[in-house]
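# Tertiary structure, described
One-letter residues, chain by chain:
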Amino acid sequence: MAKKVREVEINSREDTLTLMGPDVRPWPVTPPPSPEEVAAVYARRKAEEFGKWCEDNLRIDYARGKPEALQGVRVLSCGQWRMGHKFAAGLLGELGAEVINVEPPSGDPLRKLTPFGREEYMLEDKNGDKCGLDFIHELRNAYSVTLNLETEKGRELYTKLAQHADILIEEYPPGYMDNLGIGYRQLSQINPRLIYCWVGEHGQWGPMKDKVSKYGQWMLDPFGQAACSFIHNTGFPEDLLPRGKGGDPTRSGVWFADYVAGEQTAVNALAALFWRDEFSGEGQFIETTAAEALMDILDFDITWYGFNKSIKARTGGWDPNLNQYAWNPCKDGYMMIGGQTDRLWYRIGMCIERELPIFGRLIHEDPLLKEMAARNALQALTKTYTMTTMWLRNINRVEAEEKLMQYEIAAGPLLYIDEVAEFPHFKYRPWVNVLEDEQYGTLLYAESTNAYQMRTPARVKWLGRPLGKDNAEVFMKYIGLGQTELRELKEQGVV
Amino acid sequence: MKDQRVTRIEDLPGPKSQGELEEMKMPYEEYCRKVFAPGQEKTKPESLKGIRWLSTTMYIFTPHSVANLAELGAECIKVEMPRMGDPMRHTSPFNECYLYPLHDSRPMTGTGLGFTNANSNEYYISMDYHVPEMKEAFYRLVKLSDGLTECYRPGTFDRWKQSYRYLQELNPRFIYVWGGGFGYGPKVFGGSYDILGQAHAGLASVTGFHEDFGGHCTKHSNWCIDWYSGTQITVAILAALYWRRKTGLGTMIEFSQVQAATRCLGYGVPLYGRFGIVRQRWGNWDTQLCVHGIILCGKSDYPDEPNPQLKYEARYAVVSAFNDPDFKELCAIIGRNDLWDQYKTLQDRVRPQAQIAIYKALEDWAADKTRSQVVKTLTDAGLLAMPVMNDKEVYECEHFRQRGTIRWLDDPVFGDLLIQSGYSCGLMSKTPRRVNWLWRPVGADNVKIYHEMLGYPMSKIEEWYEKNLI
């Protein structure tokens, strides 16, 4: 059936934006695989029954009918600019905690950020306020209240809110809250059960603690990434790409260190909650930093320095510990292939050898490549990947994947975000999902990673929040402020 | 019985003793130092005391979910295949670095450094689950534990009658975690690694330099996504424990590592959904802030060092001046007030063409300077800048030393080891994390667990060992 032809005039890229919305081009563009097709996948490995059990018990479609793990936990989240406290509170909020996000009356500056300053990529709420997508995507299931902590009254209200909180996640410069008389020292006197988490880049104490510039600008990620050797270790070496043209130390494309600090904050806070409820009844003070939390997960890098003064160098898409374990260029992008143990390593070779017989001669028959650990030597990596790329360069990602899958090898194409959103497995779960938000309309978002559970799955209820939307409800419920008083406070600039 | 008419000082808010009063008056930094007290971890209680967790895991991703628990004080038991052990034991950077002693699985070498940090504080037993003879021992372990993390391909544990379908019958309080690449769905049997997660999930497509600048999609160094995803499992486990305190019921958690890398894409996903725009790479700069990026300086800080990582690479600095007054000052320092005249708002500065011009001007200014000179000039002026630190500088950094996040450990098996993990996941004032030992050889705790805990006679354990079952 022919589709209706629309009259469209395009003079600039701006005119195309309205043509791309979810109403015009709903996600997914092509339907996900059907349950029957997937059942056939389970059957191929004689796991029909188990596959059905998983689908019946873990599917996200049933999540809304199940209880929430952290129901009854109240989290106060208070910070600006950075992702750490938002991700930590978001993880807890997805699992059912009640999250109240406290912002200054002018709002978290992250609300105003948008890629390349393009306001047309910001979304308007029902009040007509525009908000950036980073903020909308990362503030999850949170109520929004505003408080001016620079005023006496604001601090008083904040203290009263903290009396009701189980967990408080704060992300302000070191000592800022303490100076105002609302840090851990003071709040723990009023609410000894409070679990108080501070999140930052380098720390709130110590010789390299977080700084603000003399004009008050904060340190943001990648200051965390740079302080733990992550950036030094990431990227292509000068031997592979010229310096200044890709052959440089490279930061993560996202504020990755903040995310890592955020999740460790959530872990520490929940462990402290367990200890409080199980043993002591006491809260405590927790400090998580982006630099250290990321350093924790840099494998053995610093340990290696302690072993023989090795300073880890950049190795691009390769890995100095594993062979094969890399993505290499193919005809239409990059193809990732992994398989280290003999069983998998020779299977990769068998697949490539079919079309490139010389691979077998040069790789499989090389005595220096026979032993698994020996294959990690630099010359072994260079040789293996050179030969693998000889095969890859003539084929597309999808062809390579198809061929490697016949040998059951962990391999996959490097995907761009549009391809991610249409990747069959992503659509089927779904890992990117849509939400009809009350304020911002239909949003595509990355689904909660903890949403696939039998009894208490996590869930995303809403994303972002208009500034101060929940002032009236939260202040009434926990402090007892009525309409009139609230209006007065608003005039005084407190909320 | 308390007399309600008497006001006791301990019931009032505020400091209760001279010591507490002094604590309230202390300078803030000193106070933090005192409550976190690095080095005093062992004098404080453990948060997860009494929790016992099984780890039938390999590599980094799923082991890390358990290592987090072990650092927090849970008793964790790592189960490995007899003789073989975790494949991660065979990995070492460029095949250079092994820790000894020898063990029976790898007679020629020790354990590779790749195994570091993923399984701290755990007890190590070996068991071949395939064999029906070992089933009873496994079930005994399950009955005595709070939960398990596994990473086998879906259906494998079910075939061996030890999936959650079976285990919940034995122990209804049991919390069962499967961690892997994909989970139920069309690619259910697909294997996964850290690097596959980075590639598949879109993270690699936004990291690195754009091809117009000569770059490629870039891997996050190390196995970052494995570790990062593992921590999110720990969040789920702790939430499940919280819920179990109320209900007495366990659960099954299915966690996919490929998805976790998509979760941190920020605006990338909604931007595509709403506007059809696919985020691309933007190298060492920031898509939403300017100036907020990494620049190349002309001279090395260590011109005479033989190590190329010092001689050639110690040349990069983070420079951050995105607010108006900061940017204005920066322009004045580099002698390019014209840039300030041209780009007076963040919105102007952050446009791609503006960023290209501004960072070029910065690198031109830094072309005859060392990284330290650049950082010193800017920080002396009150702006934010720092060097991109390498492993040597991180090791020598006084900051991490004072905070106890990098420290030497006298490991019971391996002796002096430098550790960067565990203590760095966050400081806790009352129930801090701790590292007791890094790892032990395969099956080192077989007697402790099979004999002392599960009550099997020593002769049985020897028989199992002879038959290659443990």
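Small disclaimer: the values here were computed from a predicted structure and weren't measured. (Residues numbered from 1 in each chain as written. Chains lettered and ligands numbered in written order. Predicted model: local features only at pLDDT ≥ 70, side-chain atom pairs only at ≥ 80, totals over all residues.)

## A look at the pairing of strand E7 (residues 195-200) of chain A
Residue and element names in this part refer to chain A. Keep this limit in mind: Field definition: a residue is buried when 20 or more other C-beta atoms are found within 10 Å of its C-beta, exposed when 12 or fewer are, and partly exposed for counts in between, with C-beta atoms placed from the backbone. A run of DSSP states H or I qualifies as a helix once it reaches four residues; a run of E qualifies as a strand once it reaches two. Both are numbered from the N-terminal end. Think of it this way: DSSP has to see at least two bridges between two strands before they count as a pair.
Of all six residues making up E7, six are buried, and the element is well covered by its neighbours. The two faces of E7 match: Ile 195, Cys 197 and Val 199 on one face and Tyr 196, Trp 198 and Gly 200 on the other face are all buried. By the bridge criterion, four bridges tie strand E6 (residues 167-171) to E7 in an arrangement that is parallel. The residue bridging Glu 170 from the neighbouring strand is Trp 198, located in E7.

## Description of the sheet that holds strand E2 (residues 75-80) of chain B
Within a sheet, adjacent strands bond to each other through the backbone by hydrogen bonds, running parallel or antiparallel. Residues and elements named next belong to chain B. The condition that has to hold: Axis definition: a line fitted to C-alpha atoms, over the contacting stretch in the case of helices. Angles run 0 to 180 degrees between N-to-C directions.
The strand order across the open sheet built from six strands is E5-E2-E1-E6-E7-E8, with neighbouring strands paired in parallel fashion. Two strands in the sheet have a free side with no partner beyond their single neighbour: strand E5 (123-126) and strand E8 (251-256). Within this sheet the neighbouring strands show an average axis-to-axis angle of 20°, counted without direction. Note: strand E7 (residues 175-180) against E8, six bridges, orientation parallel. Bridging from a neighbouring strand, Val 177 pairs with Ile 253 of E8.

## Section: the sheet that holds strand E10 (residues 316-320) of chain B
All names here are of chain B. Convention followed: Each residue is represented by a C-beta atom placed from its backbone, and any two residues with such atoms within 7 Å are regarded as in contact.
Here we have three strands laid out as an open sheet, ordered E9-E10-E11, and antiparallel in their pairing. The sheet terminates laterally at strand E9 (292-296) and strand E11 (384-387), the two strands that pair on one side only. Going from strand to strand, the sheet's axes swing by 20° on average, the running direction of each strand aside. The strands touched by helix H15 (residues 352-366) are E9 and E10; relative to E9, the strand with the most contacts, the crossing angle is about 40°. Along the sheet face, helix H16 (residues 371-380) touches E10 and E11 and points at about 160° away from the line of E11.

## A look at the packing of helix H11 (residues 256-280) of chain A against helix H8 (residues 224-247) of chain B
For clarity, the threshold we go by: Throughout, the term roughly parallel applies to angles under 35 degrees, roughly antiparallel to angles over 145, roughly perpendicular to angles from 65 to 115, and oblique to all others. Left-handed describes a crossing whose near helix is turned anticlockwise from the far helix by less than a right angle; the clockwise case is right-handed.
Packing of H11 of chain A against H8 of chain B brings their axes to within 9 Å, and their N-to-C directions diverge by 25°. If you check the angle between H11 of chain A and H8 of chain B, you find them roughly parallel. Two packed elements cross with a definite hand, and for H11 of chain A against H8 of chain B that hand is left-handed. Here Val 260, Glu 263, Gln 264, Ala 266, Val 267, Leu 270, Ala 271, Leu 273, Phe 274 and Asp 277 of chain A of H11 of chain A lie close against H8 of chain B, whose contacting residues are Tyr 228, Thr 231, Gln 232, Thr 234, Val 235, Leu 238, Ala 239, Leu 241, Tyr 242 and Arg 245 of chain B.

## Brief notes about the confidence of the model for chain B
As a reminder of what qualifies: A score from 0 to 100, pLDDT tells how confident the predictor is in each residue.
Here chain B averages 93 in pLDDT, and 97% of its residues register 70 or above. The ipTM, which scores confidence in the relative placement of chains, is 0.95 for this predicted complex, and the corresponding pTM is 0.95.

## Remarks on the interface of chain A and chain B
Contact residues are listed per partner, giving 166 residues for chain A and 162 residues for chain B. Looking at the side of chain A that touches chain B, the element that brings in the most residues is H11 of chain A, giving 16 residues. Two elements, strand E8 (residues 285-289) of chain A and strand E14 (residues 427-428) of chain B, share two bridges in a ladder whose sense is antiparallel. Looking at the pairing, Ile 286 of chain A lines up with Met 428 of chain B of E14 of chain B.

## Brief notes about the nonpolar core
Where a protein is soluble and globular, its nonpolar side chains tend to be buried together. In plain terms, the rule: What we call a nonpolar core is a set of buried Ala, Val, Leu, Ile, Met, Phe, Trp, Tyr and Cys residues whose membership is set by joining through C-beta atoms within 7 Å.
Counting residues in each nonpolar core, the largest one holds 288 residues, and the members touching the most others are Leu 92, Leu 270 and Leu 294 of chain A together with Ala 239 and Ala 317 of chain B. What Leu 92 of chain A contacts, discounting residues up to four positions off in sequence, is Leu 70, Val 73, Val 75, Ala 97, Val 99 and Ala 266 of chain A.

## Concerning the domain arrangement of chain B
Accessible area lost during the coming together of the parts is what is often quoted as the interface size. We count it as follows: Domain limits in this description derive from either an automatic procedure or a database domain assignment.
Split into domains, chain B comes out as domain 1 (9-33), domain 2 (52-263 + 415-466) and domain 3 (292-396). Taken over C-alpha atoms, the centre of domain 1 of chain B sits 42 Å from the centre of domain 2 of chain B.

## Regarding the packing of helix H4 (residues 84-94) of chain A against H11 of chain A
All names here are of chain A. We apply this condition: Three classes are used, and their members are as follows: Ala, Val, Leu, Ile, Met, Phe, Trp, Tyr, Cys and Pro are nonpolar, Asp, Glu, Lys and Arg are charged, and the others, Gly among them, are polar.
Relative to each other, H4 and H11 sit at 45°, their axes nearing to 7 Å. The pairing of H4 with H11 is recorded here as oblique in orientation. Pair H4 / H11 crosses with right-handed handedness. Across the interface between the two elements, Gly 84, His 85, Phe 87, Ala 88, Leu 91 and Leu 92 from H4 touch Asp 258, Tyr 259, Ala 261, Gly 262, Glu 263, Thr 265 and Ala 266 from H11. Partitioned by chemical class, the residues of the contact of H4 with H11 number seven nonpolar, four polar and two charged.

## Examining unusual backbone geometry
Of note, the amide linkage connecting Asn 323 of chain A to Gln 324 of chain A takes the cis form, showing an omega dihedral of -5°. Residue placement: Gln 324 of chain A occurs in the loop between helix H13 (301-308) and strand E9 (325-330). The step from Cys 290 of chain B to Val 291 of chain B runs through a cis peptide bond, and the omega angle for that step is 0°. Its identity as a non-glycine residue notwithstanding, Tyr 59 of chain B has a phi of 65°, on the positive side. In this structure, Tyr 59 of chain B sits in the loop between strand E1 (52-56) and helix H3 (61-71). Overall, Tyr 59 of chain B belongs to the buried group, with 23 C-beta atoms counted inside 10 Å. In this structure, Arg 83 of chain B is a non-glycine residue whose phi angle is positive, near 70°.

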